[in-house]
Amino acid sequence: MAAIKIKDGVYSVGALNPNMRIFDVIMRTDYGTSYNSFLIKSEKTALLETVHERFFGEYIENISSITDPTKIDYLIMNHNEPDHSGSLRKLLEKAPQLQVITTQAGALYLKNITNLPDLNIKAVRDGDTLDLGGGKTLKFITAPFLHWPDSMFTWLESDKIAFTCDFLGAHYCEPRMFDSLVSYPDSYRDCVLGYYNAIFGPFKPYVLKGLTKLDALDAEFVCPSHGPVLTKGVMLEEVKKDYLDWSTPATREHKYIPIFYCSAYGNTGRLARAMADGISETLPDAKVEVLDINANQFTALQAKVNSCDAFLVGTPTINRDAVAPVWQLVTAIDAINTKGRKCAAFGSFGWSGEGVPMITERLRSLKLDVFADGYTCRFVPSDDELSGARDYGKRFAEAMKG
Ligand code: FEO
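Being a predicted model, the structure only gives us computed values, none of them experimental.

**Student:** Whenever I open this one, the overall build of the protein chain confuses me. Can you help?
**Tutor:** From N to C terminus, the protein chain includes 12 helices and 25 strands. Projected onto its principal axes, the C-alpha coordinates of the protein chain cover approximately 80 × 40 × 40 Å. Burial analysis of the protein chain (402 residues in total) assigns 55% to the buried set. Within the protein chain, residue pairs in contact and separated by at least 24 positions form 71% of the contacts whose partners lie at least 6 positions apart. In the structure as shown, the protein chain presents an accessible area of about 17200 Å², 50% of it carried by carbon and sulfur atoms.

Structure, rendered in structure tokens:
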């Protein structure tokens, strides 16, 4: 991706990684990602963020197409995770004169990330400014735990641009950089949700604070460090609204209890529906939803498991283990915000039945409130076993009352 002009004197100089399929070990990225970086050229020149070290070549080419790297005065690091700080050492070989601007926490992390004890860093506080001359002044707005303690926004008042690093970003890769030019908006929006779930879901109160700070700026552009630039009147308001909705504590009139399951031959699915009947008999006002994991978007399932009042998860046992889609779901549970949530595992098995106890143990290890030891049956559930599943659902719902 070549450098792209955002506004006069402001350029996108980052790199695309369309082939990335896993980020940070934990996150599937079906549409790759971009490592965004922005260059502000005025009397002084400031660069915002570096890129993953593998993409330094493309990055330095883009910078060089706009300015001589030896003329960069400042590198602003809104957040220092290695996908943004990874090229810093290489950049310093080309631009040893630059001063790094980051938060106090960022300065600490960056020394340990680069192992450069003499790194020229200036730590800034909330509200500090940096005059680049020519009418361009940067203001730094700290935003801790969005999503690291070091996180901040950088605000370019003259151009109404907020640089927010990961906040409002998405692992999504299209080369034209603007939300107005995205070719697959539905895919992009799904990536926004997936990114939120993985990165910001555990930090909802901080997200709300971050949105308040951003709203006060009334930005025309938000430049995150992954995915498209968001524009006022295009997608900026929608994405902010999504973040607001996803982060605001649910005020439900009725309890929401999803039942997730995988079922090779329909047997675990039958147990799921019997349990749903039992729960609905005991809690008639509750919204009970039976969800085949393989028939639903994973990002939507992840949002449900992390926002519900209680849940059950059903797995068959294949080769002495729970099945992979069920493991994927239970490893997507936000352990920070679901502590004490009532849940249970269930499933049909043929031979040895390790799946349900394994998932039960996993749920316990997350410090959820696991009901009994789960419910199992062999092969096809008999009428008695379906009745037992319905009864298990009733007892599960009774326990929610207490
Ligand atoms: Fe894109 Fe938290 O790094």
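**Student:** Would you explain the pairing of strand β11 (residues 121-124) in this entry?
**Tutor:** Sheet faces and side chains relate simply in a regular strand, where the side chains alternate between the two faces. Pairing analysis gives 4 bridges linking strand β10 (residues 99-103) to β11, with the strands arranged parallel. Paired with I101 across the strands is K122, a residue of β11. For the crossover that starts at β10, traverses helix α4 (residues 104-114) and ends in the parallel β11, the hand is right-handed.

**Student:** What is the right way to read the packing of helix α6 (residues 204-217) against helix α7 (residues 236-247) from this model?
**Tutor:** Packed helix pairs are specified by the crossing angle of their axes together with the interaxial distance, meaning the distance between the axes. At a minimum axis distance of 9 Å, the contact between α6 and α7 shows a crossing angle of 145°. Relative to α7, α6 is oriented so that their crossing is left-handed. Contacts from K204, V207, L208, L211, L214 and D215 in α6 reach K240, Y243, L244, W246 and S247 in α7. Among the residues making up the contact of α6 with α7, the classes are represented as 7 nonpolar, 1 polar and 3 charged.

**Student:** When you look at the layout of surface pockets in this model, what are you seeing that I'm missing?
**Tutor:** It is the rolling of a water-molecule-sized probe over the atoms that shows where space remains empty. Reported here for the second largest pocket is a volume of approximately 450 Å³. Lining the second largest pocket are 22 residues, and of these K204, W246, T248, N306 and S307 sit closest to its centre. For the lining of the second largest pocket, the secondary structure elements donating two or more residues are α5 (185-200), α6, α7 and α9 (298-307).

**Student:** Would you mind showing me how to read the sheet that holds strand β7 (residues 38-41) here?
**Tutor:** Strand pairs in the sheet, formed through backbone hydrogen bonds, run parallel or antiparallel to each other. Here 7 strands make up an open sheet; going across it, the order is β1-β2-β7-β8-β9-β10-β11 and the pairing mixed. What marks the edges here is a single partner per strand, and that holds for β1 (4-7) and β11. Taken pair by pair, the neighbouring strands of this sheet meet at an average axis angle of 25°, ignoring direction. With 4 bridges joining them, β7 and strand β8 (residues 45-48) adopt antiparallel strand pairing. The residue bridging L39 from the neighbouring strand is L47, located in β8. Sitting on the sheet, α4 is in contact with β10 and β11, with an inclination near 125° to β10.

**Student:** How do you make sense of the nonpolar core when you look at a structure like this?
**Tutor:** As a rule of thumb, soluble globular proteins bury nonpolar side chains together. Counting 58 residues, the largest nonpolar core has F167 and Y243 as the members making the most contacts within it. Looking at this core, the elements that each hand over two or more residues are α1 (56-66), α3 (88-94), α4, β14 (152-156), α5, α6 and α7. By residue number, the principal contributor to this core is α5, which donates 7 residues. With sequence-adjacent residues up to four places away left out, F167 is seen in contact with L146, F153, F200, V207, G210, L211, L214, P224 and Y243.

Rules and cut-offs
Residues numbered from 1 in each chain as written. Predicted model: local features only at pLDDT ≥ 70, side-chain atom pairs only at ≥ 80, totals over all residues. Heavy atoms only, no water. Helix = DSSP H or I, 4+ residues; strand = E, 2+ residues; numbered from the N terminus. Buried < 20%, exposed > 50% of the residue type's maximum accessible area, 1.4 Å probe, protein only. Contact = heavy atoms within 4.5 Å. Areas by Shrake-Rupley, 256 points an atom, 1.4 Å probe, with all protein chains shown as cover. Pairing = 2+ DSSP bridges. Right-handed = clockwise from strand over helix to strand, strands pointing away. Axes fitted to C-alpha atoms, helices over the stretch in contact; angles between N-to-C directions. Left-handed = near helix turned anticlockwise from the far one by under 90°. Nonpolar A, V, L, I, M, F, W, Y, C, P; charged D, E, K, R; others polar. 1 Å grid on protein atoms, 1.4 Å probe; cavity = no way out; pocket = protein on both sides within 12 Å on 5 of 7 lines; lining within 4 Å. Points joined across faces, edges and corners; volume = space filled by probe spheres on them. Core = buried A, V, L, I, M, F, W, Y, C linked by side-chain atoms within 4.5 Å.

In short, the description is geometric, and any link to function would need to be established separately.
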